[in-house]
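# Tertiary structure, described
Here are the chains, one letter per residue:
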Amino acid sequence: MASEFRSKVSGIGSYLPEKVLTNFDLEKLVETNNQWIVERTGIERRHMASPEEATSDLAYKATLKALDMANLKAEDLDMIIVATVSPDQIMPSTACVLQSKLGCRNIFSFDLSAACSGFVYALSVADQFIRTGVYKNVLVVGAEVLHRFVNYKDRETCILFGDGAGAWILSRTSNQDENIIFSSHLHADGNLGDLFVLPAGGSKIPFSEAVLKAESQYVKMKGREIFKNAVRTLTDCCHEALAANNVNPNQVDWLVPHQANLRILESVADHFEFPKEKVIVSLNETGNTSAASIPLAFDLAYQEGKIKRGQLILLAAFGAGLTSGSILLRF
Ligand code: UT7
């Protein structure tokens, strides 16, 4: 029997740290220049957490805004998922730290690791708990302080990444409601895991002096291969979501893709035969904020008045793993 419950997005919020690192600032750190970065990536600046800020602090600020929009209090929440690859520490989870900061009840809270696809993965998990009727209000956050895992001597990665957080509250509604999450499709190809890695700090390569010497506490990336894979998987994810819902591209109001590189987004729009004006882009301001990128881009576009209530929106993500996924929803 089909479930009578569905998830609606009752609140959204985001937070960008105050400090900004521009392309011109990066020119002073590595051999690069503003023109190359803008032409090859579309990124102009990215935000950086202050030394006092950890991932849970960014998540907390984004969550307060989402709670306010949903007209809910922290005690109304039934579950918290924080999608992140830059947690405050390995344990306890950033979700538990956030739960304590918010002053919630003793609710189910955990981190989800799917890199840049983390937010889409987490929304899908939250949606399952709501569809089954188990929970009523679930907080899903994508939050990262990635700059602490980036080597500012590696010009291929340091130009890309930034910090930020985006939070959504999913609330239970009836399947008669039109503003709901329709579907999620998630994928992973672990065979391509070595294209983007953070080698040290886990059980395989614990921290040691050798780690610091080899600088393996920082992300390492095969950019060109990721680029090609990203275009293919994002395009496939878009087609898959629309085919499953019997929807045409022209019925979709906005595509909100993972914000990695403007050329990736333009190429996906070409392959998907989707108008570029209907692709939300915020990477010029934020850089690649991994799990935070989709909810950040969504909230910035909402604040700008582009995304409006009642619109049909397609989220599409790819990231380390390699992971990928899509969500189709009416906001
Ligand atoms: O969320 C997933 C995370 N990762 C990604 O999304 C990364 C996806 N990949 C990319 O965005 C692009 O591949 C990059 C932006 C990383 C690189 O751009 P590209 O157009 O693929 O450059 P490339 O690797 O083909 O390199 C072209 C040239 C090389 O010089 P040579 O060998 O032609 O002399 C690079 O050394 O550009 C050079 N280069 C740079 N030059 C100035 C690489 N990085 C820089 C830089 N500034 N920052």
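Residues numbered from 1 in each chain as written. Predicted model: local features only at pLDDT ≥ 70, side-chain atom pairs only at ≥ 80, totals over all residues. Heavy atoms only, no water.

### With respect to helix H4 (residues 94–102)
Filter applied, for reference: The rule is simple: take the accessible area with a 1.4 Å probe, protein chains only, and divide by the maximum for that residue type; under 20% is buried, over 50% is exposed, in between is partly exposed. Runs of E in the DSSP output that reach at least two residues are strands. Runs of H or I that reach at least four are helices, and both are numbered from the N terminus. Should any heavy atoms of two residues lie within 4.5 Å, those residues are counted as being in contact.
Buried within H4 we find Thr-94, Ala-95, Val-97, Leu-98, Gln-99 and Leu-102. Where H4 is buried, its residues meet helix H3 (55–70), strand E4 (79–83), strand E5 (108–112) and strand E6 (137–144). Among the residues trailing H4, Gly-103 stands out with phi positive, at a value near 75 degrees.

### Overview of the site of the ligand
To keep things clear, this is the line we draw: Being near a molecule or strand, for a residue, means having at least one of its heavy atoms within 4 Å of it. In protein, a polar contact means a hydrogen-donor-capable atom and an acceptor-capable atom, both N or O and within 3.5 Å, with residues adjacent in sequence counting only if both atoms are side-chain atoms; elsewhere, any N or O pair within 3.5 Å suffices. The protein chains shown are the only cover counted for residues, whose accessible areas, like all others here, come from Shrake-Rupley with a 1.4 Å probe. Definitions used for this entry: grid spacing 1 Å over protein atoms alone; cavity, a set of points where a 1.4 Å probe fits but cannot get out; pocket, an open set with protein on both sides within 12 Å along at least 5 of 7 lines; lining residue, one with an atom within 4 Å of a point. Being in a pocket or cavity means that more than half of the molecule's atoms lie within 2 Å of its grid points. As a working rule, the residues Ala, Val, Leu, Ile, Met, Phe, Trp, Tyr, Cys and Pro are called nonpolar, Asp, Glu, Lys and Arg charged, and the rest polar, with Gly in that last group. Annotation comment: domain bounds sourced from an automatic or database domain assignment.
Residues in contact with the ligand amount to 21 residues; listed here are only the nearest, Thr-32, Arg-40, Arg-155, Arg-224 and Asn-261. The separation between an oxygen atom of the ligand and a polar side-chain atom of Asn-288 is 2.9 Å. Against a free-state accessible area of 950 Å², the protein chains account for coverage of 76% of the ligand. When atoms are counted within 2 Å of each cavity's grid points, the one that captures over half of the ligand is the second largest pocket. Looking at the shell around the ligand, the elements that each hand over two or more residues are helix H2 (34–41), helix H6 (155–158) and helix H8 (223–245). It is H8 that contributes the most residues to the shell around the ligand, four residues altogether. Class assignment for the residues of the shell around the ligand results in nine nonpolar, six polar and six charged. Among the domains, domain 1 (5–174) and domain 2 (181–330) are the pair contributing at least three residues each to the shell around the ligand.

### Some points on the nonpolar core
Keep this limit in mind: By nonpolar core is meant a set of buried Ala, Val, Leu, Ile, Met, Phe, Trp, Tyr and Cys residues that side-chain atoms within 4.5 Å join together.
By size, the foremost hydrophobic cluster in this structure holds 45 residues, and its most contacted members are Phe-161, Ile-264 and Leu-314. Counting residues per element, the ones that place at least two in this core are H8, helix H9 (262–272) and strand E12 (312–319). Looking at which element gives the most residues to this core, the answer is H8, with eight residues. For this core, the two domains that each supply at least three residues are domain 1 (5–174) and domain 2 (181–330).

### Details of the environment of Glu-156
Looking at the element boundaries, Glu-156 is found in helix H6. Not counting residues up to four positions away in its chain, the partners in contact with Glu-156 are Met-221, Lys-222, Gly-223 and Arg-224.

### With respect to the domain arrangement of the protein
Short version of the rule: Accessible surface is computed with a 1.4 Å probe, and the buried area is the amount of it that two parts give up when combined, taken over both parts together. Salt bridges are defined as contacts in which a side-chain nitrogen from Lys or Arg sits within 4 Å of a carboxyl oxygen from Asp or Glu.
If you check the domain split of the protein, you get domain 1 (5–174) and domain 2 (181–330). With 58 residues of domain 1 at the contact, the number on the domain 2 side is 53 residues. Looking at the side of domain 1 facing domain 2, the largest losses of area belong to Cys-116, Val-120 and Tyr-121, adding up to 15% of the total buried there. Across the contact surface, domain 1 and domain 2 share two salt bridges. One salt bridge in this structure joins Arg-45 and Glu-285, with 2.6 Å as the shortest N-O distance. Of all the secondary structure elements, the ones that give two or more residues to the side of domain 1 that touches domain 2 are strand E1 (5–15), H2, strand E3 (45–48), helix H5 (118–131), E6, H6 and strand E7 (164–174). Tallying contributions element by element places H5 first for the side of domain 1 that touches domain 2, with nine residues. Residue classes in the side of domain 1 that touches domain 2 are distributed as 26 nonpolar, 18 polar and 14 charged.

### Notes on the sheet that holds E12
Cut-off, in case you're wondering: Pairing between strands is defined by DSSP: at least two bridges between the two strands are required. As a rule, the C-alpha atoms of each element are fitted with a line to give its axis, helices using only the stretch in contact, and angles between N-to-C directions run from 0 to 180 degrees.
Strand order in the open sheet formed by four strands is E8-E13-E12-E11, and the pairing between neighbours is mixed. Of all strands in the sheet, those with a lone pairing partner are strand E8 (181–188) and strand E11 (254–257), marking the two edges. Sheet twist, expressed as the average angle between the axes of neighbouring strands with direction ignored, equals 10 degrees. Pairing of E12 with strand E13 (residues 323–330), which is carried by eight bridges, proceeds in the antiparallel orientation. In the sheet register, Ala-317 faces E13, and the bridge partner there is Gly-325. Packed onto the sheet, H8 meets E8, E11, E12 and E13 and runs at close to 145 degrees relative to E12.

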